[in-house]
Amino acid sequence: GVVSNPGRQATNSPGRETLLAPTADALEKEYQKLVEDDDASQAEVDKWIQDNNEFAAKGVGARPEDLNRRIRERFDPIRKRYEDFIQQHPGHVRARIAYASFLGDIHEEEAAQAQLEKALELDSQDPAIYNNLANIYGHTGPVKKAFEYYAKAIELKPLESVYYHNFGTTVYLFR
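Residues numbered from 1 in each chain as written. Predicted model: local features only at pLDDT ≥ 70, side-chain atom pairs only at ≥ 80, totals over all residues. Heavy atoms only, no water.

(A) Quick look at the nonpolar core. By size, the foremost hydrophobic cluster in this structure holds 38 residues, and its most contacted members are Tyr82, Phe102, Ile129, Leu133 and Tyr149. For this core, the elements supplying multiple residues, two or more each, are helix 1 (24-57), helix 2 (64-88), helix 3 (93-105), helix 4 (109-122), helix 5 (127-140) and helix 6 (143-156). Here this core takes eight residues from helix 3, the largest share from any one element. (Core = buried A, V, L, I, M, F, W, Y, C linked by side-chain atoms within 4.5 Å. Buried < 20%, exposed > 50% of the residue type's maximum accessible area, 1.4 Å probe, protein only. Helix = DSSP H or I, 4+ residues; strand = E, 2+ residues; numbered from the N terminus.)

Here is the structure:
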């Protein structure tokens, strides 16, 4: 189907209708490609780190600043693609969640939290958003909010074991 975009119109000429908004399938393919490329970049960087640790143990590893620069250069295009995608599709909740995960992986929890908070505004019934925000609040506070958000995630999807695990870990850490 065609995703409607009220700010644009199609021509009315028979047989000449212009699609000015992406189809749902095209949008999904673009999103999936972005997530796949994100996963591939993460795997590549993980391998670089593992290899460098092995080389460092032999006294021939890259300097930390050189490895960090290389990692940044690898992740910068992925970040830009997420930012462009979200700018073009600001209501795409799963893209915001995926981008938040990416940001968390590169230790930018504040930016990840902002993406998740926006995702929550767009969809207050997605338990993954509550779980992911609870994880952040468990690290940065307020911890009370972490407990509230884990409880909400569990309420929305009571059979998801990872939510109970995360909740239990937080209870253990802050008992």
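On we go.
(B) How the structure looks around the packing of aromatic side chains. Under the definition given, this model contains nine aromatic pairs. Aromatic side chains phenylalanine 147 and phenylalanine 167 sit 5.9 Å apart centroid to centroid with 80 degrees between the ring planes, which places their arrangement in the edge-to-face category. With phenylalanine 147 in helix 6 and phenylalanine 167 in helix 7 (residues 161-173), the pair connects residues that are 20 residues apart, well separated along the chain. On the accessibility criterion, phenylalanine 147 (26% relative accessible area) is partly exposed. For phenylalanine 167, a relative accessible area of 29% corresponds to the partly exposed category. Among the aromatic residues, ring-to-ring pairing joins Phe75, Tyr82, Tyr99 and Phe102 into one connected group. (Phe/Tyr/Trp six-rings, centres within 6.5 Å; stacked < 30°, edge-to-face > 60°.)

(C) Just helix 6, in detail. Between its terminal C-alpha atoms helix 6 stretches 20 Å, which fits the 20 Å expected from 14 residues at 1.5 Å a residue. Within helix 6, burial applies to Ala146, Tyr149, Tyr150, Ala153 and Ile154. The buried residues of helix 6 occupy one face: seen down the axis, they fall within an arc of 140 degrees. Seen from the open side of helix 6, the exposed residues pointing more than 90 degrees away from its buried face are Lys144 and Glu155. Considering only its buried residues, helix 6 is in contact with helix 4, helix 5 and helix 7. (Expected span 1.5 Å × (residues − 1). Arc of directions from axis to C-beta. Contact = heavy atoms within 4.5 Å.)

(D) Examining the side chain of aspartate 126 more closely. Take aspartate 126: it is sitting in the loop between helix 4 and helix 5. Of the side chains bearing the opposite charge, arginine 94 lies closest to the buried aspartate 126, which forms no salt bridge; the N-O distance is 7.6 Å. Polar contacts involving the side chain of aspartate 126 include one to the main-chain amide nitrogen of alanine 128, which spans 2.9 Å. Excluding its chain neighbours within four sequence positions, the residues that come into contact with aspartate 126 are Val93, Ile97 and Leu156. (Lys, Arg positive; Asp, Glu negative; His and termini not counted. Salt bridge = Lys/Arg side-chain N within 4 Å of Asp/Glu carboxyl O. Polar contact = N/O pair within 3.5 Å; in protein donor to acceptor, adjacent residues only side chain to side chain.)

(E) Geometry of the pattern of salt bridges. With the rule as written, the count across this model stands at 15 salt bridges. As a salt-bridge pair, arginine 79 and glutamate 83 come within 3.9 Å of each other at their nearest N and O atoms. Placement of both arginine 79 and glutamate 83 in helix 2 is noted, with a separation of four residues, approximately one turn of the helix. Take glutamate 83: its relative accessible area is 35%, and that puts it in the partly exposed class. Of the charged contacts in the structure, one is a salt bridge between lysine 144 and glutamate 148, with a shortest N-O distance of 3.7 Å.

(F) Broad picture of a nonpolar patch on the surface. Taken together, Tyr172, Leu173 and Phe174 make up a surface patch of nonpolar side chains, about 360 Å² in accessible area. Structurally, leucine 173 is set in helix 7. (Patch = residues over 30% accessible without salt bridge, like charges linked within 9 Å, V, L, I, M, F, W, Y side chains within 5 Å. Areas by Shrake-Rupley, 256 points an atom, 1.4 Å probe, with all protein chains shown as cover.)

(G) Geometry of the environment of phenylalanine 174. Looking at the secondary structure, you find phenylalanine 174 in the segment after helix 7. Given a relative accessible area of 41%, phenylalanine 174 falls into the partly exposed group. Once the C-alpha coordinates of phenylalanine 174 and valine 143 are considered, the two residues, 31 residues apart in sequence, prove to be 8.2 Å apart. Not counting residues within four places of it along the chain, the set of residues in contact with phenylalanine 174 comprises Gly138, Val143 and Phe147.

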